[in-house]
Amino acid sequence: MEKEQYVCTVCGFNMVGYHPDLCPFCGAPKEKFITSEECSTRFIVKGTPVNEEVTRLNSVPALGFEHAAYRIETNGKTFWIDCPSCFDSSLKPADVITFTHHHFLGASNQYRDYFHAKVRIHKLDSAHSICRAFTFDVTFQENFVERGIEAFHTGGHTPGFTFYLFEDVLFICDYVFLKEGGMSFNPFGPQKETRECAFKIDRVLQGRNISKVCGFNYVIDYKDWKKRFARLLGKD
Ligand SMILES: [Zn+2]
Ligand SMILES: [Zn+2]
(Lines give C-alpha, C1' and ligand atoms only; values in the text may rest on other atoms or scores of the structure.)
(Ligands and ions follow the chains in the order given, each with its own letter.)
Protein backbone atom coordinates (compact mmCIF):
# COMPACT_ATOMS: atom_id res chain seq x y z
CA MET A 1 0.00 0.00 0.00
CA GLU A 2 1.12 3.55 -0.73
CA LYS A 3 2.25 5.40 2.34
CA GLU A 4 0.63 8.75 2.95
CA GLN A 5 2.85 11.58 1.85
CA TYR A 6 2.42 15.34 1.93
CA VAL A 7 4.30 18.10 0.20
CA CYS A 8 4.79 21.55 1.73
CA THR A 9 3.92 24.14 -0.93
CA VAL A 10 6.09 26.73 0.84
CA CYS A 11 9.39 24.85 0.75
CA GLY A 12 8.75 21.64 -1.20
CA PHE A 13 9.65 19.35 1.69
CA ASN A 14 8.05 15.88 1.50
CA MET A 15 6.56 14.52 4.72
CA VAL A 16 6.52 10.77 4.42
CA GLY A 17 4.03 8.63 6.36
CA TYR A 18 2.70 11.32 8.68
CA HIS A 19 0.80 14.60 8.69
CA PRO A 20 2.43 17.05 11.13
CA ASP A 21 0.90 20.38 12.18
CA LEU A 22 3.93 22.30 11.00
CA CYS A 23 6.40 21.62 8.23
CA PRO A 24 9.52 20.23 9.91
CA PHE A 25 11.68 22.00 7.34
CA CYS A 26 10.24 25.54 7.10
CA GLY A 27 7.60 25.67 9.84
CA ALA A 28 4.65 26.38 7.52
CA PRO A 29 1.22 25.31 8.90
CA LYS A 30 -0.49 22.18 7.60
CA GLU A 31 -2.98 24.23 5.51
CA LYS A 32 -0.02 24.73 3.17
CA PHE A 33 0.40 21.00 2.58
CA ILE A 34 -0.98 19.06 -0.36
CA THR A 35 -0.96 15.33 -0.80
CA SER A 36 1.78 13.86 -2.91
CA GLU A 37 -0.86 12.68 -5.44
CA GLU A 38 -2.20 16.22 -5.77
CA CYS A 39 1.37 17.48 -6.13
CA SER A 40 1.92 15.12 -9.06
CA THR A 41 -1.21 16.39 -10.80
CA ARG A 42 -0.45 20.09 -10.26
CA PHE A 43 3.27 20.00 -11.01
CA ILE A 44 5.53 18.33 -13.53
CA VAL A 45 9.31 18.03 -13.59
CA LYS A 46 10.82 19.73 -16.60
CA GLY A 47 14.30 19.00 -17.95
CA THR A 48 16.44 21.79 -19.41
CA PRO A 49 19.75 20.80 -21.02
CA VAL A 50 22.93 22.24 -19.52
CA ASN A 51 25.10 20.35 -22.00
CA GLU A 52 24.86 17.03 -23.84
CA GLU A 53 25.15 14.94 -20.68
CA VAL A 54 23.79 17.23 -17.99
CA THR A 55 20.16 18.30 -17.60
CA ARG A 56 18.65 20.64 -15.07
CA LEU A 57 15.44 19.32 -13.45
CA ASN A 58 12.86 21.70 -12.02
CA SER A 59 9.29 21.44 -10.82
CA VAL A 60 6.94 23.44 -13.06
CA PRO A 61 5.31 25.63 -11.97
CA ALA A 62 7.91 26.42 -9.32
CA LEU A 63 7.14 24.46 -6.17
CA GLY A 64 7.57 26.79 -3.20
CA PHE A 65 11.18 27.89 -2.77
CA GLU A 66 11.98 25.55 -5.64
CA HIS A 67 15.42 24.11 -6.23
CA ALA A 68 17.03 22.48 -9.21
CA ALA A 69 18.24 18.90 -9.30
CA TYR A 70 20.60 17.75 -12.05
CA ARG A 71 20.71 14.64 -14.18
CA ILE A 72 24.02 13.32 -15.50
CA GLU A 73 23.95 10.66 -18.19
CA THR A 74 27.32 8.99 -18.35
CA ASN A 75 28.49 5.66 -19.78
CA GLY A 76 25.09 4.04 -19.70
CA LYS A 77 24.34 5.06 -16.15
CA THR A 78 22.12 7.91 -15.03
CA PHE A 79 22.85 9.89 -11.88
CA TRP A 80 20.81 12.59 -10.25
CA ILE A 81 22.43 15.13 -8.00
CA ASP A 82 19.70 16.09 -5.51
CA CYS A 83 16.06 15.39 -6.19
CA PRO A 84 12.94 17.30 -7.32
CA SER A 85 10.21 17.84 -4.71
CA CYS A 86 7.49 16.70 -7.09
CA PHE A 87 7.16 13.08 -8.13
CA ASP A 88 6.79 12.81 -11.92
CA SER A 89 6.61 9.24 -13.20
CA SER A 90 7.26 10.31 -16.79
CA LEU A 91 10.94 11.09 -16.16
CA LYS A 92 13.67 8.88 -17.58
CA PRO A 93 14.76 6.47 -14.84
CA ALA A 94 17.79 7.27 -12.71
CA ASP A 95 20.16 4.61 -11.38
CA VAL A 96 21.62 6.70 -8.58
CA ILE A 97 20.35 9.72 -6.64
CA THR A 98 23.24 11.29 -4.78
CA PHE A 99 22.81 14.29 -2.51
CA THR A 100 24.81 17.40 -1.87
CA HIS A 101 23.18 17.57 1.60
CA HIS A 102 19.96 16.88 3.44
CA HIS A 103 18.04 20.04 2.45
CA PHE A 104 16.75 18.87 -0.92
CA LEU A 105 15.65 15.29 -0.39
CA GLY A 106 12.54 15.99 -2.47
CA ALA A 107 10.47 12.98 -3.40
CA SER A 108 13.55 10.76 -3.45
CA ASN A 109 11.78 7.99 -1.52
CA GLN A 110 9.22 7.71 -4.33
CA TYR A 111 11.78 7.88 -7.12
CA ARG A 112 13.86 5.28 -5.28
CA ASP A 113 10.91 2.88 -5.26
CA TYR A 114 9.79 3.66 -8.78
CA PHE A 115 13.19 3.55 -10.49
CA HIS A 116 14.82 1.09 -8.08
CA ALA A 117 17.44 3.81 -7.73
CA LYS A 118 20.20 3.72 -5.16
CA VAL A 119 20.15 6.79 -2.94
CA ARG A 120 23.35 8.20 -1.45
CA ILE A 121 24.16 10.89 1.06
CA HIS A 122 27.11 11.66 3.28
CA LYS A 123 26.88 9.82 6.59
CA LEU A 124 26.99 13.03 8.65
CA ASP A 125 23.87 14.37 6.94
CA SER A 126 22.01 11.05 6.98
CA ALA A 127 21.70 11.32 10.76
CA HIS A 128 19.65 14.53 10.73
CA SER A 129 16.08 14.14 12.04
CA ILE A 130 14.70 15.58 8.78
CA CYS A 131 15.91 12.39 7.04
CA ARG A 132 14.08 9.95 9.29
CA ALA A 133 11.52 8.76 6.74
CA PHE A 134 13.98 8.58 3.86
CA THR A 135 15.96 5.52 2.91
CA PHE A 136 19.60 5.83 1.95
CA ASP A 137 21.27 2.87 0.29
CA VAL A 138 24.74 4.31 0.72
CA THR A 139 25.92 6.71 3.42
CA PHE A 140 29.38 7.55 2.18
CA GLN A 141 32.19 8.87 4.35
CA GLU A 142 34.93 9.27 1.77
CA ASN A 143 35.23 11.28 -1.40
CA PHE A 144 34.56 9.12 -4.41
CA VAL A 145 34.87 9.04 -8.18
CA GLU A 146 32.42 7.08 -10.28
CA ARG A 147 31.98 7.20 -14.06
CA GLY A 148 33.64 10.58 -14.23
CA ILE A 149 31.61 12.06 -11.37
CA GLU A 150 33.79 13.24 -8.49
CA ALA A 151 32.31 13.78 -5.03
CA PHE A 152 34.08 16.04 -2.52
CA HIS A 153 32.94 16.22 1.07
CA THR A 154 33.55 19.64 2.59
CA GLY A 155 30.98 20.13 5.35
CA GLY A 156 30.31 23.77 6.17
CA HIS A 157 26.76 24.60 5.17
CA THR A 158 25.76 21.21 6.66
CA PRO A 159 28.12 18.70 8.30
CA GLY A 160 27.89 16.31 5.35
CA PHE A 161 27.85 18.86 2.56
CA THR A 162 29.33 17.38 -0.60
CA PHE A 163 29.90 19.05 -3.93
CA TYR A 164 30.44 17.35 -7.26
CA LEU A 165 32.41 17.79 -10.45
CA PHE A 166 31.61 16.11 -13.72
CA GLU A 167 33.92 16.92 -16.60
CA ASP A 168 33.79 20.72 -16.83
CA VAL A 169 30.68 21.21 -14.69
CA LEU A 170 30.60 22.08 -10.98
CA PHE A 171 27.54 21.18 -8.87
CA ILE A 172 27.50 23.40 -5.80
CA CYS A 173 23.79 23.44 -4.85
CA ASP A 174 23.06 26.19 -2.28
CA TYR A 175 26.48 26.65 -0.69
CA VAL A 176 26.46 30.24 -1.94
CA PHE A 177 23.70 32.55 -3.14
CA LEU A 178 24.07 34.79 -6.15
CA LYS A 179 22.96 38.36 -5.71
CA GLU A 180 23.30 41.33 -8.01
CA GLY A 181 26.83 41.15 -9.32
CA GLY A 182 28.06 39.36 -6.21
CA MET A 183 27.69 36.36 -3.97
CA SER A 184 26.98 35.58 -0.33
CA PHE A 185 27.26 32.48 1.80
CA ASN A 186 24.06 30.56 2.40
CA PRO A 187 22.69 32.19 5.56
CA PHE A 188 20.76 29.05 6.62
CA GLY A 189 23.57 27.24 8.33
CA PRO A 190 26.55 27.81 10.64
CA GLN A 191 28.27 30.90 9.23
CA LYS A 192 31.74 30.27 10.61
CA GLU A 193 31.92 26.70 9.26
CA THR A 194 30.38 27.73 5.95
CA ARG A 195 33.10 30.33 5.47
CA GLU A 196 35.94 28.08 6.62
CA CYS A 197 34.92 25.11 4.47
CA ALA A 198 34.59 27.35 1.43
CA PHE A 199 38.39 27.37 1.34
CA LYS A 200 38.33 23.58 0.90
CA ILE A 201 36.08 24.05 -2.11
CA ASP A 202 38.43 26.71 -3.42
CA ARG A 203 41.43 24.39 -3.10
CA VAL A 204 39.76 21.60 -5.08
CA LEU A 205 38.80 24.02 -7.83
CA GLN A 206 42.36 25.32 -8.30
CA GLY A 207 43.71 24.44 -11.72
CA ARG A 208 40.56 22.63 -12.85
CA ASN A 209 39.12 23.21 -16.26
CA ILE A 210 35.54 24.21 -15.43
CA SER A 211 33.12 26.02 -17.69
CA LYS A 212 29.72 25.89 -15.97
CA VAL A 213 28.37 26.03 -12.43
CA CYS A 214 25.06 24.39 -11.55
CA GLY A 215 23.51 25.85 -8.40
CA PHE A 216 20.18 25.37 -6.65
CA ASN A 217 18.58 28.24 -8.58
CA TYR A 218 21.05 29.14 -11.31
CA VAL A 219 23.35 27.84 -14.01
CA ILE A 220 26.14 30.30 -14.85
CA ASP A 221 29.55 30.45 -16.50
CA TYR A 222 32.33 29.43 -14.19
CA LYS A 223 34.36 32.54 -15.04
CA ASP A 224 31.67 34.76 -13.60
CA TRP A 225 31.05 32.48 -10.60
CA LYS A 226 34.75 32.20 -9.81
CA LYS A 227 35.22 35.97 -9.78
CA ARG A 228 32.38 36.36 -7.28
CA PHE A 229 33.64 33.44 -5.18
CA ALA A 230 37.16 34.89 -5.01
CA ARG A 231 35.71 38.19 -3.83
CA LEU A 232 33.59 36.42 -1.22
CA LEU A 233 36.69 34.69 0.14
CA GLY A 234 38.54 38.00 0.23
CA LYS A 235 41.03 36.79 -2.36
CA ASP A 236 40.99 39.87 -4.57
ZN1 LIG B 1 7.92 23.63 4.37
ZN1 LIG C 1 21.02 23.85 2.01
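Above this note sits the structure.
What comes next is a walk through the structure.

What counts, and at which threshold
- Counting starts from 1 at the beginning of each chain's written sequence and moves along it residue by residue.
- Numbering of ligands from 1 and lettering of chains from A proceed in the order in which they are written.
- This being a predicted model, a pLDDT of at least 70 is required before a residue's local features are given, and a value of 80 or more before pairs of side-chain atoms are given or counted; all residues contribute to the totals for chains, interfaces and linings.
- Side-chain measures were taken over the full set of non-hydrogen atoms in the model, leaving aside hydrogen atoms and water.
- Donor atoms are limited to N, O and S found within 2.8 Å of the metal ion, a distance that becomes 3.2 Å for Na, K and Ca. With water left out, some sites might look partial.
- Key to geometry: four donors with every angle between 85 and 135 degrees are tetrahedral; four donors are square planar and six octahedral where opposite donors lie over 155 degrees apart and all remaining angles lie between 65 and 115; all other sites are irregular.
- Cavities and pockets were defined on a 1 Å grid built over protein atoms only: a cavity is a set of grid points that admits a 1.4 Å probe from which the probe cannot escape, a pocket is an open set flanked by protein on both sides within 12 Å along at least five of seven lines, and lining residues are those with an atom within 4 Å of any such point.
- Grid points are joined across faces, edges and corners, and a volume is the space filled by probe spheres set on the points.
- Secondary structure counts use DSSP, requiring at least four H or I residues in a row for a helix and at least two E residues in a row for a strand, with both numbered from the N terminus.
- Nitrogen and oxygen atoms within 3.5 Å of one another constitute a polar contact, given that in protein one can donate a hydrogen and the other can accept it, and given that sequence-neighbouring residues count only through two side-chain atoms.
- Any two residues having at least one pair of non-hydrogen atoms within 4.5 Å are treated as being in contact.
- Throughout this description, buried means an accessible area under 20% of the type-specific maximum (1.4 Å probe, protein chains only), exposed means over 50%, and partly exposed covers the range between.
- What counts as a ring pair is set by centres within 6.5 Å for rings of Phe, Tyr and Trp (its six-membered ring), and what kind of pair is set by the plane angle: stacked under 30 degrees, edge-to-face over 60, tilted for all other angles.

Some details on the coordination of the zinc ion (ligand 2)
Reasoning step 1: Each protein donor to the zinc ion (ligand 2) is listed here as H101 (NE2), H103 (ND1), H157 (NE2) and D174 (OD); together their distances run 2.0 to 2.1 Å.
Reasoning step 2: Considering all four donor atoms around the zinc ion (ligand 2), angles at the metal cover 93 to 145° and the coordination shape is irregular.

Brief notes about empty space enclosed by the protein
Reasoning step 1: Scanning the model with the defined rule gives two cavities of 30 Å³ or more in all.
Reasoning step 2: Taken together, C11, G12, F13, F25, H67, S85, H103, F104, L105 and G106 make up the full set of residues lining the largest cavity.
Reasoning step 3: Of the volumes computed, that of the second largest cavity is approximately 40 Å³.
Reasoning step 4: Taken together, A68, Y70, I81, D82, T100, F171, I172, C173, C214, G215 and F216 make up the lining of the second largest cavity.

Considerations on the side chain of D202
Reasoning step 1: In this structure, D202 sits in helix α4 (residues 191–205).
Reasoning step 2: Reaching out from D202, the side chain makes a polar contact with the side chain of K235 at a distance of 2.7 Å.
Reasoning step 3: With residues near it in sequence (within four places) discarded, D202 still touches F229, L233 and K235.

Thoughts on the environment of F13
Reasoning step 1: Within the secondary structure layout, F13 lies in the loop between β1 (5–8) and β2 (14–16).
Reasoning step 2: If we skip the residues at most four places from it in the chain, F13 touches Y6, V7, C8, C23, P24, F25, I130 and F134.

So, the coordination of the zinc ion (ligand 1)
Reasoning step 1: Around the zinc ion (ligand 1), the protein contributes the donor atoms C8 (SG), C11 (SG), C23 (SG) and C26 (SG), at 2.3 Å from the metal centre.
Reasoning step 2: Taken together, the four donor atoms coordinating the zinc ion (ligand 1) and their angles of 105 to 112° define a geometry best described as tetrahedral.
Reasoning step 3: Each donor residue of the zinc ion (ligand 1) belongs to the same chain, and together they define the spacing C-x2-C-x11-C-x2-C. Here C23 lies in the loop between β2 and β3 (33–35) and C11 lies in the loop between β1 and β2, a separation of 12 residues in the sequence. When sorted by exposure, C11 lands in the same class as C23, which is buried.

Brief notes about the environment of K179
Reasoning step 1: Position of K179 among the secondary structure elements: in strand β15 (residues 176–179).
Reasoning step 2: Residue K179 is classed as partly exposed on the basis of its relative accessible area of 49%.
Reasoning step 3: Expressed as a C-alpha distance, the spacing of K179 and R228, which sit 49 residues apart in the sequence, is 9.8 Å.
Reasoning step 4: Once residues within four sequence positions are removed from consideration, K179 is found in contact with S184 and R228.

A word on the packing of aromatic side chains
Reasoning step 1: For the structure on display, the rule yields 16 aromatic pairs.
Reasoning step 2: Both rings, one in F87 and one in Y114, keep their centres 5.4 Å apart while their planes meet at 85°; by these two values the pair is edge-to-face. Here F87 is found in the loop between β7 (77–81) and β8 (96–98), whereas its partner Y114 is found in helix α2 (residues 108–115), with 27 residues between them in sequence.
Reasoning step 3: Using a relative accessible area of 47% as the deciding quantity, one classes Y114 as partly exposed.
Reasoning step 4: Taking 6.4 Å as the distance between ring centres and 85° as the angle between the ring planes, the aromatic pair formed by F99 and F136 counts as edge-to-face. One end of the pair, F99, is in the loop between β8 and α2; the other, F136, is in the loop between α3 (123–126) and β10 (138–140), and 37 residues separate them in sequence.
Reasoning step 5: Residue F99 is classed as buried on the basis of its relative accessible area of 0%.

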